[in-house]
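# Residue-level structural notes
Okay, here's what each chain looks like letter by letter:
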Amino acid sequence: MKKSTLLSCFIALLASCNQQTNSTYQLQSQIDSLKQRLSKAYKPGLGEFMAGIQVHHAKLWFAGNAENWKLADFEIHEIMEAIDDIQQYEVERSESKEVAMLLPAIDSVNHAIEQKNVTEFKSSYIFLTNTCNNCHKAVNYDFNLIKIPDTPPYSNQVFKSEK
Ligand code: HEC
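Everything numeric in this text was worked out from a predicted model, so none of it was measured.

## Points about the overall build of the protein chain
Helix and strand counts for the protein chain stand at five helices and zero strands. Listed N to C, the secondary structure of the protein chain is α-α-α-α-α in terms of helices and strands. Its C-alpha atoms give the protein chain a radius of gyration of 28 Å, clearly above 15 Å, the size a compact globule of 163 residues would have. Reported as C-alpha extents along the three principal axes, the dimensions of the protein chain are approximately 95 × 40 × 30 Å.

## Examining the coordination of the iron atom of the ligand
At 2.0 to 2.3 Å from the iron atom of the ligand lie its protein donor atoms, namely Met50 (SD) and His136 (NE2). For the iron atom of the ligand, the six donor atoms in the first shell make angles of 85 to 179 degrees at the metal, so the coordination geometry reads as octahedral. In this pair, Met50 is assigned in helix α2 (residues 46-65) and His136 in helix α5 (residues 118-138), connecting sequence segments 86 residues apart. Residue His136 is classed as buried on the basis of its relative accessible area of 14%.

## Considerations on the pattern of salt bridges
Scanning the model with the defined rule gives four salt bridges in all. We note a salt bridge from Lys43 to Glu92, for which the minimum N-O separation is 2.9 Å. Of this pair, Lys43 sits in the loop between α1 (3-40) and α2 while Glu92 sits in the loop between α3 (69-89) and α4 (103-115), placing them 49 residues apart in sequence. Put simply, Arg93 and Glu95 hold a salt bridge, and the shortest N to O gap is 2.9 Å. Among the residues examined, Glu95 registers a relative accessible area of 17% and is labelled buried. Shared partners join several salt bridges into a network, and the residues in it are Lys43, Glu90 and Glu92.

## What to know about α3
Counted at 1.5 Å a residue, the expected span for α3 with its 21 residues is 30 Å, and the 30 Å between its end C-alpha atoms agrees. Taken together, the buried positions of α3 are Trp69, Leu71, Ala72, Glu75, Ile76, Ile79, Ala82, Ile83 and Ile86.

Scoring rules and cut-offs
Starting from 1, residues in each chain are numbered consecutively following that chain's sequence as written. Confidence filtering applies because this is a predicted model: local features only for residues at pLDDT of at least 70, side-chain atom pairs given and counted only at 80 or more, and all residues used for totals across whole chains, interfaces and linings. The side-chain quantities take in all heavy atoms of the structure and omit both hydrogens and water. Here a strand is any run of E in DSSP of at least two residues, a helix any run of H or I of at least four, and the numbering for each starts at the N terminus. To get the radius of gyration, use the C-alpha atoms; to get the globule rule, take the number of residues to the power 0.38 and multiply by 2.2 Å. Sites may look incomplete because water is not among the atoms; the donors themselves are N, O and S atoms within 2.8 Å of the metal, or within 3.2 Å for Na, K and Ca. When four donors show all angles between 85 and 135 degrees the site is tetrahedral, when four or six donors have opposite pairs over 155 degrees and all other angles between 65 and 115 it is square planar or octahedral respectively, and in every other case it is irregular. Accessibility here uses a 1.4 Å probe with only protein chains present; expressed as a share of the type maximum, an area under 20% marks a residue as buried, one over 50% as exposed, and anything in between as partly exposed. Salt bridges are identified by distance alone: a Lys or Arg side-chain nitrogen within 4 Å of an Asp or Glu carboxyl oxygen. What a helix is expected to span follows from its residue count: subtract one and scale by 1.5 Å.

The structure is reproduced here in structure tokens:
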């Protein structure tokens, strides 16, 4: 091979290397800016998930007592979804690991709903409520004391079953 051909091959190789470095650099800066945007994206805090759980916990009581099993089933599933969300989105909060302690109580509420059994519903609801407080105690938030509600949380929703 002629010397000049060898040289131009070498130059071409250098150029392509340089291009490669440029596109790697571009990719890295795109990743960095995406990471920055992601870190600023809004996500609800643990307190907001809890405030949501509080509403469903209250509605669940009135639905179960009214033997409105479809609504009770809906409310307990909303609580289950919130637990999944806490486990997915609140990983950096150490307390989130404890949220699974609700599962046995939730199983028992679900069972009562399936059986359409008000007595079982009431006792499993107390089990659920005690577990809320056990976790609040465990994570030093026991000043957030949860109890069985006296009045429905909203006046614009019907808790009685249609039938
Ligand atoms: C991980 C264990 C854990 C479990 C289980 C748990 N909580 Fe909480 N809860 C917390 C923590 C931690 C906070 C404080 C969140 C914060 O930093 O804002 C809290 C806060 C709250 C608040 C205060 C929110 C406010 O805006 O005043 C309410 C209400 C609440 N929880 C209701 C419940 C109910 C109802 C249950 C049961 C169905 C429950 N929690 C189960 C850990 C738990």
